[in-house]
Amino acid sequence: QKDAKSDELLSKGAKFYELPLQIWDDVHRVGLRSHYVSSYYAAPLLLSAASSEWRPLLCVTSAPAAVTYYYATAYGVAKAASVRLVRDL
């Protein structure tokens, strides 16, 4: 029921301070942490398979929300953090 309430607030364009703090935690735990954990485990495997003929590539998807407001503040911050994560890897 809490998720339905959050979805309703988001669809109405609620401000970040009108949303439950759980939104922030959920978006970062599911999206950003997933990018980090998958990169953490993939990097050693990819690097060990590298050769002079084949260089590994680690790809992470993001969204326009990384650079402009879309949907909710927590969402945009998580997308921007994913972009930064890739730069720092």
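Structure shown above.
Conventions used here
- Residues numbered from 1 in each chain as written.
- Predicted model: local features only at pLDDT ≥ 70, side-chain atom pairs only at ≥ 80, totals over all residues.
- Heavy atoms only, no water.
- Salt bridge = Lys/Arg side-chain N within 4 Å of Asp/Glu carboxyl O.
- Helix = DSSP H or I, 4+ residues; strand = E, 2+ residues; numbered from the N terminus.
- Buried < 20%, exposed > 50% of the residue type's maximum accessible area, 1.4 Å probe, protein only.

### As for the pattern of salt bridges
Argument step 1. Under the counting rule described, the total for this entry stands at two salt bridges.
Argument step 2. Residues Arg29 and Asp26 are paired through a salt bridge, measuring 3.3 Å at the closest nitrogen-oxygen approach. Separated by three residues within a single helix, Arg29 and Asp26 lie in helix 2 (residues 22-49), roughly one turn from each other.
Argument step 3. Its salt-bridge partner being Arg84, residue Asp88 comes within 3.1 Å of it at the nearest N-O pair. Highlighted residues: Asp88 and Arg84, both in helix 3 (residues 73-88), separated by four residues, approximately one helical turn.

### Considering the environment of Ala80
Argument step 1. Here Ala80 lies in helix 3.
Argument step 2. By relative accessible area, which is 30% here, Ala80 ends up partly exposed.
Argument step 3. Residues Ala80 and Pro64 lie 16 residues apart in sequence; the distance between their C-alpha atoms is 9.0 Å.

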